[in-house]
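Coordinate inspection notes
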There are 2 protein chains.
Amino acid sequence: MPVALRAPYLLFLGDVPAASDAKTAAGIAHWRRELCCGQLRLPGCQADVGLPDVSLAQARERGAQSLVIGIAPVGGAFAPSWLETMREAARLGLDIVSGMHAPLREVPGLAELAAASGARLVDVRVPPEHLPVGTGAKRSGHRLLTVGTDCAVGKKYTALSIDRALRARGRDSTFRATGQTGIMLAGAGIPIDAVVSDFVAGAAEVLSPANAPGHWDVVEGQGSLFHPGFAAVTLGLLHGTQPDALVLCHDLARSTIEDLPDFSIPPLATCIARYVEAARLTNAVVRCIGVAVNASSLGTAEYARRRAAIEAETGLPCVDPIRDGVEVLVDALDAAFGTAGAAA
Amino acid sequence: MPVALRAPYLLFLGDVPAASDAKTAAGIAHWRRELCCGQLRLPGCQADVGLPDVSLAQARERGAQSLVIGIAPVGGAFAPSWLETMREAARLGLDIVSGMHAPLREVPGLAELAAASGARLVDVRVPPEHLPVGTGAKRSGHRLLTVGTDCAVGKKYTALSIDRALRARGRDSTFRATGQTGIMLAGAGIPIDAVVSDFVAGAAEVLSPANAPGHWDVVEGQGSLFHPGFAAVTLGLLHGTQPDALVLCHDLARSTIEDLPDFSIPPLATCIARYVEAARLTNAVVRCIGVAVNASSLGTAEYARRRAAIEAETGLPCVDPIRDGVEVLVDALDAAFGTAGAAA
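Parameters at a glance
- Residues numbered from 1 in each chain as written.
- Chains lettered and ligands numbered in written order.
- Predicted model: local features only at pLDDT ≥ 70, side-chain atom pairs only at ≥ 80, totals over all residues.
- Heavy atoms only, no water.
- Helix = DSSP H or I, 4+ residues; strand = E, 2+ residues; numbered from the N terminus.
- Rg over C-alpha atoms; globule rule 2.2 N^0.38 Å.
- Buried < 20%, exposed > 50% of the residue type's maximum accessible area, 1.4 Å probe, protein only.
- Contact = heavy atoms within 4.5 Å.
- Lys, Arg positive; Asp, Glu negative; His and termini not counted.
- Charge placed at Lys NZ, Arg CZ, Asp CG, Glu CD.
- Axes fitted to C-alpha atoms, helices over the stretch in contact; angles between N-to-C directions.
- Parallel < 35°, antiparallel > 145°, perpendicular 65-115°, else oblique.
- Left-handed = near helix turned anticlockwise from the far one by under 90°.
- Nonpolar A, V, L, I, M, F, W, Y, C, P; charged D, E, K, R; others polar.
- Expected span 1.5 Å × (residues − 1).
- Arc of directions from axis to C-beta.
- Pairing = 2+ DSSP bridges.
- Domains from an automatic or database assignment.
- Buried area = accessible area lost by both parts, 1.4 Å probe.
- Salt bridge = Lys/Arg side-chain N within 4 Å of Asp/Glu carboxyl O.
- Least-squares fit on C-alpha atoms with pLDDT ≥ 70 in both.
- Polar contact = N/O pair within 3.5 Å; in protein donor to acceptor, adjacent residues only side chain to side chain.

A word on the overall build of chain A. When you go through chain A residue by residue, the secondary structure sums to 12 helices and 15 strands. What you see for chain A is a C-alpha radius of gyration of 21 Å, in line with the 20 Å of a compact globule of 344 residues. In terms of overall dimensions, chain A has C-alpha extents of about 55 × 45 × 45 Å along its principal axes. Taking all 344 residues of chain A together, the buried fraction comes to 57%. Across chain A, contacts joining residues at least 24 apart in sequence account for 76% of those joining residues at least 6 apart. Each charge class in chain A can be summarised by its mean position, and for the 30 positive and 35 negative side chains these summaries are 3 Å apart.

Right, dumping it as structure tokens:
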């Protein structure tokens, strides 16, 4: 079973010195505000994700089930100034949820307090045990996977946007998280890059199980087939997801893999062809339905020119999900697969 | 650093009821006889790998450094009848080496005895810690990787054969093991399918590091790009190995992936094209130099016909390493890459 979190969440912002240190909390407040009952900030905290400031006691009154560590300072360790709050939350019975590199059990006293109160310590970087080997067996329901020309090109944001747009149209859709931030946003998922390689495809099968006809699982992609370090993760996720639809994500500011200037990003049409070829192993009728770009580096005219060139090269619609939204991609999805999952 | 074993080995055959339960020990005795100082059999043992029968005390006199559990009965657990011998070996200071699923530390008392004598408990299924992410940085030396149409098609045997043939020609060559049996045969390696997916390519880079010009690392392949459960392992190993040469391995008795009849094995020329395409990410000049088949299911005439058809389809030499040896493949390697690594 995938990791699953208990809502409502109290978002813990600690005493981080900059708003950018609270990106995870900001993402949760943006995408899943309905799951949040407040934010808890220590003296000196410079972040604010726009939720009511509450104490631990007030959060309990609001029904909080989890203290979510929504901050990621450099180094990935728990600051000494946070520990008493974390221990008090565990004493009160709140699950402690963390995506930090350091495991929660390393916080002195925390495991004992959680055990006494019945709270769970949830490290979302740790995959579930007993994952199966992938079988490729056909399953019902539709699946869309965001795939990338590189890491960190908007795969999570694009998937969240498509899931939200589908639901806004009254369709059955579930966002499926594959990384620690996505899991904290979604409240469930599997950190796919932490899974032993023999079980990556099987983990993706568990993450997006058979579902009702017309239902879409919108799966957060990881890595890139064109990254010499991470392509294994990408391929296992691709095979296990068994996607019907792909969306290629790309950062228009990049021509090479980040930090690896010897690795050129292929032309987007080539990227699409390679992803479709690989995905056909488990779904012979997979197709790419569009391109999602990060155009934040470009002015309006230059972006329009690049977008038109991509649409001409690939024959597919291209959007920047932040500038344009993703309605055009969902239109393409409907055109390709119909609207069978629409609410009556 | 990869796992590394200490020779000479005392091969432990326990009391297994059939020779087929001692395949690992038989493989070690066949491929690395020079590393073995004897076999240790308990009453009732029906296996015999052709080494002198010795006691623990006699093995110590012969310089034994490791007791290698060379047997793999169904279930993968240590039999109660073996435990006293294992404990006595640890007490005498021999490393205990196991490829069983059950970890050695679960044998009562073994860890304490090993700690007291300075012996190591080596589970070859457990990968080393602190593996890096792959970078794809170019490195010196040559590498050959055996790749497969499926699992269990002779990738390890073919790699061992090519390594031995190269060394017989006076060339610099090292077999690089990626699975537990290969590691026990080679005395070193990384169990690549047990590595967390983010680090598979990096593990392969560590396994086959930069080497002298003309030196060959002959790397044991894993899985198959065409297997819906294991392709991630295969791709990470392919990218990290950065091979100059590939040999495609195939079992002539199979037309579909084992146990997955819905998954057809593509034509061999297609398999080669897909492997070369994927491998080009980290080595633009990679080429496939031949095909190694398991023809044990075929008579002489039928094998000759199939082999000729494969050579016509692929334009490459085809051998069954067991029937034909691999000299033809090493000739092809020499023709493609020269004999710069030959001893003076």
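So, on to the packing of helix α5 (residues 155-168) of chain A against helix α12 (residues 327-337) of chain A. Residue and element names in this part refer to chain A. One can describe the packing of α5 onto α12 by two numbers: an axis separation of 9 Å at closest approach and a directional angle of 65°. Between α5 and α12, the angle is such that the two are roughly perpendicular. The crossing of α5 and α12 is right-handed. In this structure, α5 contributes I162, A165 and L166 to the contact, and α12 contributes E327, L329, V330 and L333. Partitioned by chemical class, the residues of the contact of α5 with α12 number 6 nonpolar, no polar and 1 charged.

Under the 1.5 Å per step criterion, the end-to-end length of helix α9 (residues 268-279) of chain B is 16 Å for 12 residues, consistent within 8% with the ideal 16 Å. Considering only its buried residues, α9(B) is in contact with α9 (268-279) of chain A together with β7 (142-148), α8 (231-241), β11 (245-251), β14 (287-294) and α10 (300-314) of chain B.

Moving on, we come to α10(B). Residues and elements named next belong to chain B. Here α10 spans 21 Å end to end across 15 residues, near enough to the 21 Å set by a 1.5 Å rise per residue. What α10 keeps buried is the set Y303, I310 and T314. Down the axis of α10, the smallest arc covering the buried residues is 30°, so these residues share one side. Of the residues in α10, the exposed ones pointing more than 90 degrees away from the buried face are A301 and A312. The inward-facing, buried residues of α10 contact α9, β14, β15 (318-319) and α11 (321-324). Of the residues flanking the end of α10, it is G315, one or two places downstream, whose phi is positive at about 70°.

Our next topic: the sheet that holds strand β10 (residues 216-219) of chain A. Through backbone hydrogen bonds, the strands of a sheet pair up, either in parallel or in antiparallel fashion. All names here are of chain A. Spatial ordering of the open sheet is given by β8-β10-β7-β11-β14-β15, a layout of 6 strands whose pairing is parallel. Looking at strand neighbours, the two that pair on one side only are β8 (173-176) and β15 (318-319), the edges of this open sheet. Across 4 bridges, the pairing between strand β7 (residues 142-148) and β10 is parallel. Following the sheet pairing, L145 is matched in β10 by V219.

What follows deals with the environment of A:L333. All names here are of chain A. Looking at the element boundaries, L333 is found in helix α12. Taking the C-alpha atoms as reference points, L333 and D163, separated by 170 residues in sequence, lie 12 Å from one another. Apart from residues lying up to four places away in sequence, L333 is in contact with L144, L166, W216, A245, I289 and G338.

Quick look at unusual backbone geometry now. The omega torsion of the bond from A:A7 to A:P8 falls at 0°, within 30 degrees of zero and hence cis. Within the secondary structure, A:P8 is located in the loop between β1 (3-4) and β2 (9-14). Not every positive phi belongs to a glycine, and B:A152 is a case in point at roughly 55°. Assignment of secondary structure puts B:A152 in the loop between β7 and α5 (155-168).

It is worth spelling out the domain arrangement of chain A at this point. Residues and elements named next belong to chain A. When cut into domains, chain A gives domain 1 (3-123) and domain 2 (142-337). Placing a centre on the C-alpha atoms of domain 1 and another on those of domain 2 gives a separation of 29 Å. Buried area between domain 1 and domain 2, both sides added, is near 1,300 Å², and the carbon and sulfur share of it is 63%. Looking at the side of domain 1 facing domain 2, the largest losses of area belong to V3, W31 and R32, adding up to 52% of the total buried there. For the interface between domain 1 and domain 2, the tally reads 1 salt bridge. At the level of elements, β1, α1 (23-31), β4 (66-69) and β5 (95-98) are the ones that each hand at least two residues to the side of domain 1 that touches domain 2. In terms of residues, the side of domain 1 that touches domain 2 owes the most to one element, α1, which gives 5 residues. Of the residues contributing to the side of domain 1 that touches domain 2, the split by class is 9 nonpolar, 5 polar and 1 charged.

What follows is about the relation of the copies chain B and chain A. Overlaying chain B on chain A yields an RMSD of 0.1 Å, the required transformation being a rotation through 180° with an accompanying axial translation of 0.1 Å. Here the copies are linked by what is in effect a two-fold axis. Residue by residue, 100% of the interface of chain B is reproduced at the interface of chain A, so both copies engage with the same surface.

Listed per partner, the contact involves 32 residues of chain B and 32 residues of chain A. Taking both partners together, chain B and chain A bury about 2,500 Å²; carbon and sulfur atoms supply 60% of that area. Taken as a group, B:S197, B:D198 and B:L281 account for 21% of the area that chain B buries against chain A, more than any other trio of residues on that side. Scanning the region where chain B abuts chain A turns up 10 residue pairs in polar contact (both at pLDDT 80 or more).

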